[in-house]
Amino acid sequence: MSKNVRYENVNKIFGLGTKNEVHALKDISFTINEGELFCLLGPSGCGKTTLLRNTAGLDTITSGKMFYGDVDISTIPPYKRNIGMVFQSYALYPHMTIFENVAYGLRVRKVPNDIVTKKVTEVMELVGLQEELKRNPSPTALSGGQQQRVAIARALVYDPDVLLLDEPLANLDAKLRRYMRAEIRRIQKATNITTIFVTHDQEEAMAVGDRLAVLRKGIVEQIGTSDELYNQPNNAFVANFIGKMNFFNAHVIASNNEETVAEIDKTGIRIAIKKERRHVDPLVGDVVLVGGRPEYLSVSSEDEDDSIPGTVRIIQHLGSFIRYEVEISGEISPVTLEIDMDSLQKNIHEGDKVYVTFDRNRVALFSPEGRDL
Ligand SMILES: Nc1ncnc2c1ncn2[C@@H]1O[C@H](COP(=O)(O)OP(=O)(O)OP(=O)(O)O)[C@@H](O)[C@H]1O
Ligand SMILES: [Mg+2]
């Protein structure tokens, strides 16, 4: 039966008290709902695998508590936790047939043969390998995507309370990855098992997850749906990790309860930002960032009011939109902007001088902290 997973002030310190001490998880507290497909996302070294391994019981947390449903599992060994795990390297047993690979978790639980056959058949159907099961080859005779399906079937066959996936698609090529992430979502929704999916690929996390947690240096920076994280990032780090954000150095000219006026350095451009798009409590004179997603900026060959001059470096056709990379004066930070336009601007070519403007109603204000990933 599916359970929720709850973390209460979880800390993990490797090499506690030694000179190589690493505080890998810092006071983590949040809940993953029953039946939820939850993504842990963040740059390399932020603590994703550590949190997953500790959730599985493969490692022990330094302090805090973890619960599956109402049960405190902080000190319960992994084999008593009823979890399914899938790793980046599928870790299938090469000397066993795919049937026996999938059956493994039932065999160790001493499940009778007829039920093993029934369960393996059902789960292989669920992951779309019913034809392969009839031939029943060794896993080494399967493609990467098929092996990954076997690994998922093996983790699901004994109805775990929680399914844990650590970068399960990292070894697949880009097209298969996109296909398999939709498959994982389909399978997860069909089984409704609470699932934690670790990835460092933000697009994958946004596509797969019901909700996402963005981790950075062992801290949960923000939890929310893809839409919330994209449209209401709490800080510059999340804004730049979930999709692209162009940031301009700015300082605060005036501020009240309703809005803040910031001036972009070296340009004299002033923008009033309403409180709901203000992710910092600014005082007059404070250094801040004005952030705009590529689609909130536009390029024009005409010099408009309050535009920033620049030079087009590259024009990229990316399917439904066109991305212009525009280099602006080294005086203004950043030096290169990414700007997405719905259609090709016929009169603008690579190397041309252009003018960049903002959608003033959509740019947001952030603290400078965490701007660089
Ligand atoms: N067994 C260990 N001993 C000491 N330090 C460790 C150990 N395992 C992980 N760490 C450290 O803990 C931090 C978090 O590591 P973790 O493997 O959880 O990162 P991650 O988010 O999974 O990164 P990646 O995306 O590269 O897989 C890192 O600084 C790492 O060096
Ligand atoms: Mg990892």
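Here, the structure is the one placed above.
Residues numbered from 1 in each chain as written. Chains lettered and ligands numbered in written order. Predicted model: local features only at pLDDT ≥ 70, side-chain atom pairs only at ≥ 80, totals over all residues. Heavy atoms only, no water.

**Some thoughts on the overall build of the protein**
Thinking step 1. A count of helical and extended segments in the protein gives nine helices and 20 strands.
Thinking step 2. With respect to the three principal axes, the spread of C-alpha positions in the protein is 75 × 50 × 40 Å.
Thinking step 3. Within the span of the protein, comprising 373 residues, buried residues form 50% of the whole.
Thinking step 4. Within the protein, contacts between residues at least 6 apart in sequence are counted, and of these 66% link residues at least 24 apart.
Thinking step 5. Accessible area of the protein: about 17300 Å², with a carbon and sulfur share of 49%.
Thinking step 6. Charge-centre separation for the protein: the mean point of 44 positive side chains lies 7 Å from the mean point of 51 negative side chains. (Helix = DSSP H or I, 4+ residues; strand = E, 2+ residues; numbered from the N terminus. Buried < 20%, exposed > 50% of the residue type's maximum accessible area, 1.4 Å probe, protein only. Contact = heavy atoms within 4.5 Å. Areas by Shrake-Rupley, 256 points an atom, 1.4 Å probe, with all protein chains shown as cover. Lys, Arg positive; Asp, Glu negative; His and termini not counted. Charge placed at Lys NZ, Arg CZ, Asp CG, Glu CD.)

**Concerning unusual backbone geometry**
Thinking step 1. Even without a glycine there, the phi angle at E167 is positive, about 45 degrees.
Thinking step 2. Residue placement: E167 occurs in the loop between β7 (162-166) and α6 (174-191).
Thinking step 3. According to the relative accessible area criterion, E167 is buried, its value standing at 9%.
Thinking step 4. Even without being glycine, D306 reaches a positive phi, approximately 55 degrees.

**Details of a negative patch on the surface**
Thinking step 1. Negative charge collects at one region of the surface, where E302, D303, E304 and D305 lie side by side.
Thinking step 2. Mapped onto the secondary structure, E302 falls in the loop between β15 (297-300) and β16 (308-317).
Thinking step 3. Here E302 falls in the exposed class, since its relative accessible area comes to 53%. (Patch = residues over 30% accessible without salt bridge, like charges linked within 9 Å, V, L, I, M, F, W, Y side chains within 5 Å. Salt bridge = Lys/Arg side-chain N within 4 Å of Asp/Glu carboxyl O.)

**Structural notes on the pattern of salt bridges**
Thinking step 1. A full pass over the atoms with the stated rule returns 25 salt bridges.
Thinking step 2. R107 is paired through a salt bridge with E100; the nearest N and O atoms lie 2.8 Å apart.
Thinking step 3. A relative accessible area of 28% places E100 in the partly exposed class.
Thinking step 4. Among the salt bridges present, the one from R313 reaches E325, with a minimum N-O distance of 2.9 Å. Of this pair, R313 sits in strand β16 while E325 sits in strand β17 (residues 322-328), and the two are twelve residues apart along the sequence.

**Focus: the site of ligand 1**
Thinking step 1. Near ligand 1, the surroundings consist of F14, V22, A24, P43, S44, G45, C46, G47, K48, T49 and T50.
Thinking step 2. In this structure, an oxygen atom belonging to ligand 1 sits 3.2 Å away from a main-chain N or O atom of C46.
Thinking step 3. Within the backbone of G47, one N or O atom sits 3.0 Å away from an oxygen atom of ligand 1.
Thinking step 4. If ligand 1 stood free it would expose 640 Å²; the protein chains cover 57% of that surface.
Thinking step 5. Secondary-structure elements contributing two or more residues to the shell around ligand 1 are β2 (22-32) and α1 (48-56).
Thinking step 6. When residues of the shell around ligand 1 are assigned to their parent elements, the largest contribution, three residues, is made by α1.
Thinking step 7. Considered class by class, the residues forming the shell around ligand 1 number five nonpolar, five polar and one charged. (Near = heavy atom within 4 Å. Polar contact = N/O pair within 3.5 Å; in protein donor to acceptor, adjacent residues only side chain to side chain. Nonpolar A, V, L, I, M, F, W, Y, C, P; charged D, E, K, R; others polar.)

**Concerning the packing of helix α2 (residues 98-107) against helix α3 (residues 113-126)**
Thinking step 1. For the pair α2 and α3, interaxial distance at closest approach is 10 Å and the crossing angle is 120 degrees. In this view, α2 runs oblique relative to α3, as classed from their interaxial angle. When the axes of α2 and α3 are compared, the crossing they make is right-handed. Note on element contacts: α3 touches α2 through N113, V116, T117, K119, V120, V123 and M124, opposite I98, F99, V102, A103, L106 and R107.
Thinking step 2. Considering only residue class, the contact of α2 with α3 consists of nine nonpolar, two polar and two charged. (Axes fitted to C-alpha atoms, helices over the stretch in contact; angles between N-to-C directions. Parallel < 35°, antiparallel > 145°, perpendicular 65-115°, else oblique. Left-handed = near helix turned anticlockwise from the far one by under 90°.)

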